[in-house]
Amino acid sequence: MAGVNTMEKKLAEYKCDTNEAICLKLVRFPEDVDDDGTTFHPEYSHQIFGDDEVAFGYKGLQIQLFYTAGNLSTLFKVKYSSKVTETFDCVEPDDVEGKIREIVPAGFTCNTDDFISLLEKEANFKPFGTLLHTYTVHSEEAGELTYQIHKADITCSGFQEYHERLQTFLMWFIETASFIDADDDRWDFFLVFEKYNKDGETLYATVGYMTVYNYYVYPDKTRPRVSQMLILPPFQGEGHGAQLLEAVHRFYCSLPKVQDITAEDPSENYVKLRDYVLVKLCQGLPSFAVDKLHLGFSADMIKEAQDKLKINKKHARRVYEILRLRATDMSDEEKAREYRLEVKKRLFGPYRKNQRELTKMRKCLRPEELVSHMGQMDTQTQHEELEKSYQVVVEDYRRIIERLATQA
């Protein structure tokens, strides 16, 4: 038994956390290749390496996936200090290289010198598609940096191959990511690039992107649905997500055939970002004026948000709640109470549905079955959960209001 435990301990030394082992880089200059400061790591690797996010069979495992900053030409190398087969017979290591090859498109290099030589071609890389928006961000280190947002589609020369390289990042940073069928012409692609100078030339670095699918709405409209959105880690926290979402929203608002703009299974972070962008867009609309907010959520708000900004009723309601909170003196007990009841009225929807279901159950369930369901819908618990939900919502709203204040 002791021998088995000793063996297990020795084999455990050959387990590596794949989130740490995978080293990602966006390379602009040759010196970036050996600079650990330019390395970033995945948040997730379970789709490739299983729920444990572990690779077995190696010590000191390092999986290098380095990309040129613009065109995303790829270097792929697997390095390790020792392999389990060097010590143990009949123990097979994981096929790390094979697993990565499943998601990294062909055309990568495994030679560092060849990869560095590809940097010379970056000057030839230009953003795909049509320029939608240009903006600047102030950096303490570099001063004013200029960014561009472009709209592309699969017909753009070279874009399909570029997109195949770009979408590999999804696997590392979106928990439930999957690759799309980019051949479908109903996909729109929106890309963010940074302009930078190198040896007197203007080059472009990939910052992030969004994919949007255009659904048909009877009889003659479309409903663009955001499918994927990713700002690459070196650029996160700089406001690029908001710039991208606002530019995309404004683009679709300019198209008469668009009904409204939605998102597929949005994450909490995406919902917060969308709230910020939609409030920013709506705050200048007459129906959302400060003197109208205390009168409640109105048909005028629904119509104006829909007609002018392609915002559906559900999203317009959240915008109203945020703007009303900003306009409400929450130190005034009566005004605070009115606001709290207004938000809780919306939040109570699911609980009201539960009550309707309970009424139906009374007619068809046996007493013991009914008791179990009633336990799940206890009134006191509902009130407690409702209060918790309200506090979370208001805290999120306050963060959005603070962010709007800093941008004013």
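Each value, and the rule that gives it
Residues numbered from 1 in each chain as written. Predicted model: local features only at pLDDT ≥ 70, side-chain atom pairs only at ≥ 80, totals over all residues. Heavy atoms only, no water. Pairing = 2+ DSSP bridges. Helix = DSSP H or I, 4+ residues; strand = E, 2+ residues; numbered from the N terminus. Contact = heavy atoms within 4.5 Å. Axes fitted to C-alpha atoms, helices over the stretch in contact; angles between N-to-C directions. Salt bridge = Lys/Arg side-chain N within 4 Å of Asp/Glu carboxyl O. UniProt positions renumbered as here; feature names shortened; annotations may be inferred. Buried < 20%, exposed > 50% of the residue type's maximum accessible area, 1.4 Å probe, protein only. Polar contact = N/O pair within 3.5 Å; in protein donor to acceptor, adjacent residues only side chain to side chain.

(A) Representation of the sheet that holds strand β8 (residues 130–139) in the model. Taken in spatial order, the 6 strands of this open sheet run β8-β9-β10-β11-β12-β13, and their pairing is mixed. A strand with exactly one partner marks an edge of an open sheet, and here the two such strands are β8 and β13 (262–263). Relative to strand β10 (residues 187–198), strand β9 (residues 143–152) is paired through 7 bridges, and the arrangement is antiparallel. Looking at the pairing, T146 lines up with K195 of β10. Strands in contact with helix α8 (residues 240–253) are β8, β9, β10, β11 (201–217) and β12 (221–231); relative to β11, the strand with the most contacts, it is inclined by about 50°.

(B) Representation of the sheet that holds strand β2 (residues 22–27). Taken in spatial order, the 3 strands of this open sheet run β2-β5-β6, and their pairing is mixed. Sheet topology places β2 and β6 (74–79) at the edges, where each strand pairs with a single neighbour. Averaged over all neighbouring strand pairs, the angle between strand axes comes to 15°, with direction disregarded. When strand β5 (residues 62–68) meets β6, the two strands line up antiparallel, connected through 6 bridges. Residue pairing in the sheet places F66 in a bridge with L75 of β6.

(C) Broad picture of the pattern of salt bridges. Counted according to the given criterion, the structure contains 20 salt bridges. Through salt bridges with shared partners, a single network forms among R317, E321, E342, K345 and R346.

(D) Here's a closer look at the UniProt feature "domain: Histone acetyltransferase type B catalytic subunit C-terminal" (unreviewed entry) in the chain. In the UniProt entry, the feature "domain: Histone acetyltransferase type B catalytic subunit C-terminal" (unreviewed entry) is given for residues 274–325. Segment residues 274–325 splits into 71% helix and 0% strand. End C-alpha atoms: 17 Å apart.

(E) Local environment of the side chain of T68. Here T68 shows up in strand β5. The exposure class of T68 is buried, given its relative accessible area of 0%. At a separation of 3.1 Å, a polar atom in the side chain of T68 contacts the side chain of E122. When neighbours within four sequence positions are excluded, T68 is seen to be in contact with V27, S73, F115, L118, L119 and E122.

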